[in-house]
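Descriptive structure summary
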Amino acid sequence: MCGIFGVRGHSDAVALTKLGLFSLQHRGQESAGIVSVDAGTARGVRSMGLVSDMPLAPLADLHGSMAIGHTRYSTAGSSTIENAQPVLVSSRGGHIALAHNGNITNAGELRVDLEELGSIFSSSMDSEVIVHRLARSTAEKPEDRLADALHGVEGAFSILIVLGDTLLAARDPRGWRPLALGRLNGAPVFCSETCALDIVGATYERDILPGEIFAVDATGERSIFPFATKELKRCVFEHVYFARPDSQIFGGSVDRARRALGRRLAQECPAPGADLVFSVPDSSNSAAIGFSEESGVPYELALIRNHYVGRTFIQPTQATRDAKVRLKYNAVREVLRGKRVVMVDDSIVRGTTTRGLVQLVRAAGAIEVHMRVSSAPVTGPCYYGIDTPSREELIASNSTLEEIRSSLGVDSLGYLSLDGMLESAPSGPDGFCHACFSGDYPTPPPTDPDKLRYGCGC
Ligand code: 5GP
Ligand code: SF4
Ligand code: MG
């Protein structure tokens, strides 16, 4: 997963982009980068780690009224500076810069085709195929060049591209990943989530629509829809886990979606007799509040999260992952001692964090632990931009509910149903991808999923 941000026509473009990336840090902590264009020259800075780790001196050299930025999150195997974005190259038509959120599922095939035509790749990212295809297009208008480049590209892409003096924003026809358009003093601002508009003081205008290519240059703004219409497949996991609750995505509030998930969870899987409900901060806070509102069980802060520790998924081995649970969370004994508690989380993937948390909560004195999950069981990998592990590592892929309950060490376990999850979306239940929950994959699985995992753009 990744976060993208861009602005054109603002004298503070670089500073705004850096601010915007701070708000999109949750979408990627592995690397960060910014490319800006000043008087026809594009320059970029990319570095491993957080936005706050970006080196200040090179950043001070970035100027101009157009900039794009990227925060990247992916598997450990592809964690290299070559795979950091935005990509910046020069081609016969001038500079090309690209920031991509999503996964191109036929990148392997497209790459082989390009290599046969003589292309030399400098990274293992799926996104680089778009850059090569852009460089080959002979169309006149930048938006038509991008349409050429994206023709036949399958999978998920919300992208920002700088082509000469033009800033382009595009979203795949299924609308897999979010991409918003805002406005600051007349300048268009593009970002993965609207929380990045708030931080720069921009107003939300609308979403870039599925299948839309939006171009802005010195002559104005243009929009084209060059792709065949496809069934909408917005990622439901964005509402469940990934996006920030203060964002609007897919035309609705993430906070409202998560509260609805929590309320529905309380209806489908109540926990009669419980003394209190708490969240696993931060991603399930809103869902736990929803559960409390619906059930009348009081909401408490029973787990405290250390915000200075990275996400547990980044740790490569099981041993370090276990230690990381205690590094990241601690239990409040005074809240838990002698209580029958409901622990709400947004999802269970491997089960490692959950198992560690249940032990913490019991050690703090809880006498009964009832686990409630505000999504359906995750039973398959994601090929469209979220780094879920392979099927064998997913706790729900091969186990019954009772086996999972016993393995997690909880007194009872309840997951939200697939219908309950989809019906909680502010836009209604239709037009979502739910493949990792239902097995209903909208595209054929990639021919070499492992290669995709290690080569993906985000
Ligand atoms: P598990 O018990 O499966 O090890 O971890 C469950 C936790 O992982 C939940 O709190 C959930 O919010 C979080 N989670 C779900 N999907 C992802 C993901 O793609 N990346 C990260 N870092 N955490 C995730
Ligand atoms: Fe989202 Fe799951 Fe679909 Fe991936 S497979 S896009 S995580 S719903
Ligand atoms: Mg969580």
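Criteria and cut-off values
- Residues numbered from 1 in each chain as written.
- Chains lettered and ligands numbered in written order.
- Predicted model: local features only at pLDDT ≥ 70, side-chain atom pairs only at ≥ 80, totals over all residues.
- Heavy atoms only, no water.
- Helix = DSSP H or I, 4+ residues; strand = E, 2+ residues; numbered from the N terminus.
- Salt bridge = Lys/Arg side-chain N within 4 Å of Asp/Glu carboxyl O.
- Buried < 20%, exposed > 50% of the residue type's maximum accessible area, 1.4 Å probe, protein only.
- Near = heavy atom within 4 Å.
- Nonpolar A, V, L, I, M, F, W, Y, C, P; charged D, E, K, R; others polar.
- Phe/Tyr/Trp six-rings, centres within 6.5 Å; stacked < 30°, edge-to-face > 60°.
- Polar contact = N/O pair within 3.5 Å; in protein donor to acceptor, adjacent residues only side chain to side chain.
- Areas by Shrake-Rupley, 256 points an atom, 1.4 Å probe, with all protein chains shown as cover.
- Arc of directions from axis to C-beta.
- Contact = heavy atoms within 4.5 Å.
- Core = buried A, V, L, I, M, F, W, Y, C linked by side-chain atoms within 4.5 Å.
- Domains from an automatic or database assignment.
- Pairing = 2+ DSSP bridges.
- Axes fitted to C-alpha atoms, helices over the stretch in contact; angles between N-to-C directions.
- Buried area = accessible area lost by both parts, 1.4 Å probe.
- Patch = residues over 30% accessible without salt bridge, like charges linked within 9 Å, V, L, I, M, F, W, Y side chains within 5 Å.

**Re unusual backbone geometry**
- Residue Pro 86 is bonded to the preceding Gln 85 through a cis peptide linkage, with omega at 0 degrees.
- By secondary structure assignment, the location of Pro 86 is in the loop between β4 (66–72) and β5 (87–91).
- Put simply, Pro 281 and Asp 282 share a cis peptide bond, and its omega is 0 degrees.
- Inspection of the secondary structure assignment puts Asp 282 in the loop between β17 (276–279) and α9 (285–295).
- Positive phi is not limited to glycine here, since Ala 39 has a value of about 45 degrees.
- Along the chain, Ala 39 turns up in the loop between β2 (31–38) and β3 (41–48).
- Positioned with a positive phi, Asn 185 is a non-glycine residue whose angle comes to about 45 degrees.

**Topic: the pattern of salt bridges**
- Within this structure, the stated rule accounts for 26 salt bridges.
- Between Glu 238 and Arg 177 there is a salt bridge, with the nearest N and O atoms lying 2.9 Å from each other. Here Glu 238, found in helix α7 (residues 236–242), pairs with Arg 177, found in the loop between β8 (166–171) and β9 (180–184); they are 61 residues apart in sequence, far enough to count as distant. For the pair Glu 238 and Arg 177, one class covers both residues: buried.
- Here Asp 275 makes a salt bridge to Arg 340, at a shortest N to O gap of 3.2 Å. Of this pair, Asp 275 sits in the loop between α8 (254–268) and β17 while Arg 340 is found in strand β20 (residues 340–345), placing the two residues 65 residues apart along the sequence.
- The network of salt bridges with common partners includes Asp 255, Arg 256, Arg 259, Arg 263 and Glu 293.

**Overview of the site of ligand 2**
- Within the structure, ligand 2 sits among Trp 176, Arg 177, Cys 235, Val 236, Phe 237, Cys 382, Tyr 384, Ile 386, Cys 433, His 434, Ala 435 and Cys 436.
- For the shell around ligand 2, the elements supplying multiple residues, two or more each, are α7 and α15 (435–438).
- Here the residues of the shell around ligand 2 are counted per class, giving ten nonpolar, one polar and one charged.

**Details of the packing of aromatic side chains**
- Evaluated as defined, the whole model comprises ten aromatic pairs.
- Ring centres of Tyr 383 and Tyr 384 lie 6.3 Å apart, and the angle between their planes is 85 degrees; on these two criteria the pair is classed as edge-to-face.
- Since its relative accessible area comes to 2%, Tyr 384 is described here as buried.
- The interplanar angle of 40 degrees and the centroid separation of 5.2 Å between the aromatic rings of Tyr 383 and Tyr 441 together place this pair among those described as tilted. Of this pair, Tyr 383 sits in the loop between β21 (368–373) and α13 (401–408) while Tyr 441 is found in the loop between α15 and α16 (449–455), placing the two residues 58 residues apart along the sequence. Tyr 441 shares its class with Tyr 383; the two are buried.
- Three or more aromatic residues joined by ring pairs make a cluster, and in this case those are Tyr 73, Phe 237, Tyr 241, Phe 242 and Phe 437.

**Thoughts on the site of ligand 1**
- Not every one of the 17 residues close to ligand 1 is listed here, only the nearest: Tyr 241, Asp 345, Val 349, Gly 351 and Thr 354.
- The side chain of Asp 345 places a nitrogen or oxygen atom 2.7 Å from an oxygen atom of ligand 1.
- Within the side chain of Asp 346, one N or O atom sits 2.8 Å away from an oxygen atom of ligand 1.
- When ligand 1 sits alone it has 520 Å² of accessible area, and the protein chains cover 96% of it.
- Of the residues forming the shell around ligand 1, the biggest block, three residues, is contributed by helix α12 (residues 352–363).

**Things to note about helix α3 (residues 107–116)**
- Taken together, the buried positions of α3 are Ala 107, Leu 110 and Leu 114. Viewed along the axis of α3, the buried residues span an arc of 65 degrees, placing them on a single side of the element.
- On the buried face of α3, the contacting elements are α4 (128–136).

**Details of the side chain of Asp 255**
- Within the secondary structure, Asp 255 is located in helix α8.
- Those residues in contact with Asp 255 that lie beyond four places of it in its chain are Pro 245 and Ser 286.

**Looking at the nonpolar core**
- Among the nonpolar cores identified, the biggest contains 44 residues, and Phe 291, Val 342, Val 344, Tyr 384, Ile 386, Met 421 and Phe 437 are the most heavily contacted of them.
- If you list the elements that add at least two residues to this core, you get α7, α8, α9, β20, α14 (418–423), β23 (432–433) and α15.
- Composition of this core by domain shows at least three residues from each of domain 1 (3–233) and domain 2 (245–432).
- For Ile 386, the residues in contact, after removing those within four places along its chain, are Met 1, Arg 177, Cys 235, Phe 237 and Phe 242.
- Within the second largest apolar cluster, 29 residues are counted, among which are Val 325, Val 335, Leu 336 and Val 361.

**Here's the deal with the sheet that holds β5**
- On the basis of which strands lie adjacent, the open sheet formed by six strands has the order β5-β6-β7-β8-β12-β13 and antiparallel pairing. The open sheet has two edge strands with one neighbour each: β5 and β13 (220–224). Between one strand axis and the next, the sheet turns by 15 degrees as a mean value, whatever way the strands run.
- Across six bridges, the pairing between strand β7 (residues 158–163) and β8 is antiparallel.

**Remarks on the domain arrangement of the protein**
- Entries for the protein in the domain assignment read domain 1 (3–233) and domain 2 (245–432).
- Averaged C-alpha coordinates put domain 1 and domain 2 at centres separated by 32 Å.
- The interface is formed by 22 residues belonging to domain 1 together with 17 residues belonging to domain 2.
- Carbon and sulfur atoms supply 55% of the area buried between domain 1 and domain 2, which totals about 1700 Å² over both sides.
- Summed over the shared surface of domain 1 and domain 2, the result is zero salt bridges.
- When its residues are assigned to classes, the side of domain 1 that touches domain 2 shows six nonpolar, ten polar and six charged.

**Brief notes about a nonpolar patch on the surface**
- Taken together, the side chains of Leu 19, Phe 22 and Ile 199 define a hydrophobic patch exposed on the protein surface, amounting to about 230 Å² of accessible area.
- Structurally, Phe 22 is set in helix α1 (residues 13–23).

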